[in-house]
Amino acid sequence: MKYILLLLLFFSFVFTASAQETNIDLGAKLGFNISNISKDPTLVDESAGVGTEFGIFARIGERFYVQPGIDFVNNKLTIERTVQPRSGERDEVRFRYFRAPVLLGWESNYQKRNGGSIPFRMMAGPSFAYNIGVSDNNLDVRRRDVRNAQFALHGGVGIKLLRLIELDLMYAHGLTTVFNDDDADGKFRNFSLTVGFSI
């Protein structure tokens, strides 16, 4: 999996270098996400929660582009573990990450019937995330219990409103288990909606 991600990053930079006209936009975004964990034998139960995320990015290119960025992500879940201080207790846990996505995208215009157009984008690519903390909880989940390095694949769509404001809907499919436990198998699944701007 590591070699696949490195290959994708290599093609991203080759794609950027081969562009005849380089156009770079800088931007920032903030929004919320809904996260859950795929089936995991170390969890008795889990339910999705609403977290937050914000970040900055550079968009390199015009019609076809590469978009690297840095995000701060806060995934929130309510879980019950198979091993915890008090059996049967559920609690809310927030997982905090710095994330570095590299997206490949395509931008075009949607032509409205009454005239005019709305710029829209489609994008996909890998990300690397590093765990920087876990919120206090009653389940004895600590940072040491969570895998530090996590990889994911992203895909989504976006539109631009009023020439500056951008609205993005993204899905992230985790490729790495969330917990360090040898029996752990659950990976993050994440939908996010962000509002941002680029200049």
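The following refers to the structure shown.

**Here we look at the overall build of the chain**
- Helix and strand counts for the chain come out as one helix and eight strands.
- Along the chain direction, N to C, the helices and strands of the chain fall in the order α-β-β-β-β-β-β-β-β.
- Burial analysis of the chain (199 residues in total) assigns 43% to the buried set.
- The contacts of the chain with a sequence gap of at least 6 include a subset with a gap of at least 24, amounting to 65%.
- Element-wise, carbon and sulfur atoms account for 61% of the exposed surface of the chain, whose accessible area totals about 11,200 Å².

**Section: the pattern of salt bridges**
- Counting across every chain of the model gives 13 salt bridges.
- Note that lysine 76 and glutamate 92 form a salt bridge whose closest N and O atoms lie 3.9 Å from each other. Of the two residues, lysine 76 sits in strand E3 (residues 64-81) while glutamate 92 sits in strand E4 (residues 91-111), which places them 16 residues apart along the sequence.
- Given a relative accessible area of 19%, lysine 76 falls into the buried group.
- Residue class for glutamate 92 comes out partly exposed when judged on its relative accessible area of 30%.
- Of the charged contacts in the structure, one is a salt bridge between arginine 121 and glutamate 166, with a shortest N-O distance of 3.5 Å. One end of the pair, arginine 121, is in strand E5 (residues 117-134); the other, glutamate 166, is in strand E7 (residues 165-177), and 45 residues separate them in sequence.

**Observations concerning the pairing of strand E8 (residues 187-198)**
- Relative to E8, strand E1 (residues 24-37) is paired through eleven bridges, and the arrangement is antiparallel. The residue bridging glycine 27 from the neighbouring strand is serine 198, located in E8.
- Looking at chain direction, E7 and E8 are connected through ten bridges and run antiparallel. Counted as the bridge partner of leucine 167 is valine 195 from E8.

**Remarks on empty space enclosed by the protein**
- Evaluated as defined, the whole model comprises five cavities of 30 Å³ or more.
- The volume enclosed by the second largest cavity comes to roughly 130 Å³.
- Lining the second largest cavity we find 16 residues, and of these Lys29, Arg99, His154, Met170 and Ser192 sit closest to its centre.
- Listing elements by their share of the lining of the second largest cavity, those giving two or more residues are E3, E4, E7 and E8.
- It is E7 that contributes the most residues to the lining of the second largest cavity, four residues altogether.

**Observations regarding the packing of aromatic side chains**
- Going through the model one piece at a time under the given rule, you end up with eight aromatic pairs.
- Between the aromatic rings of tryptophan 106 and phenylalanine 120, the centroid separation amounts to 5.7 Å while the plane-to-plane angle is 80°, which identifies the pairing as edge-to-face. Taken together, the positions of tryptophan 106 in strand E4 and phenylalanine 120 in strand E5 put the pair 14 residues apart, joining distant regions of the chain.
- Residue classification places tryptophan 106 among the partly exposed residues on the basis of a relative accessible area of 25%.
- By relative accessible area, phenylalanine 120 is classed as partly exposed at 24%.
- Relative to phenylalanine 191, the ring of tyrosine 171 lies with its centre 4.9 Å away and its plane at 40°, an arrangement referred to as tilted. Remark: phenylalanine 191 occurs in strand E8 and tyrosine 171 occurs in strand E7; sequence separation between them is 20 residues.

Parameters at a glance
- Residues numbered from 1 in each chain as written.
- Predicted model: local features only at pLDDT ≥ 70, side-chain atom pairs only at ≥ 80, totals over all residues.
- Heavy atoms only, no water.
- Helix = DSSP H or I, 4+ residues; strand = E, 2+ residues; numbered from the N terminus.
- Buried < 20%, exposed > 50% of the residue type's maximum accessible area, 1.4 Å probe, protein only.
- Contact = heavy atoms within 4.5 Å.
- Areas by Shrake-Rupley, 256 points an atom, 1.4 Å probe, with all protein chains shown as cover.
- Salt bridge = Lys/Arg side-chain N within 4 Å of Asp/Glu carboxyl O.
- Pairing = 2+ DSSP bridges.
- 1 Å grid on protein atoms, 1.4 Å probe; cavity = no way out; pocket = protein on both sides within 12 Å on 5 of 7 lines; lining within 4 Å.
- Points joined across faces, edges and corners; volume = space filled by probe spheres on them.
- Phe/Tyr/Trp six-rings, centres within 6.5 Å; stacked < 30°, edge-to-face > 60°.

These figures capture arrangement, not role.
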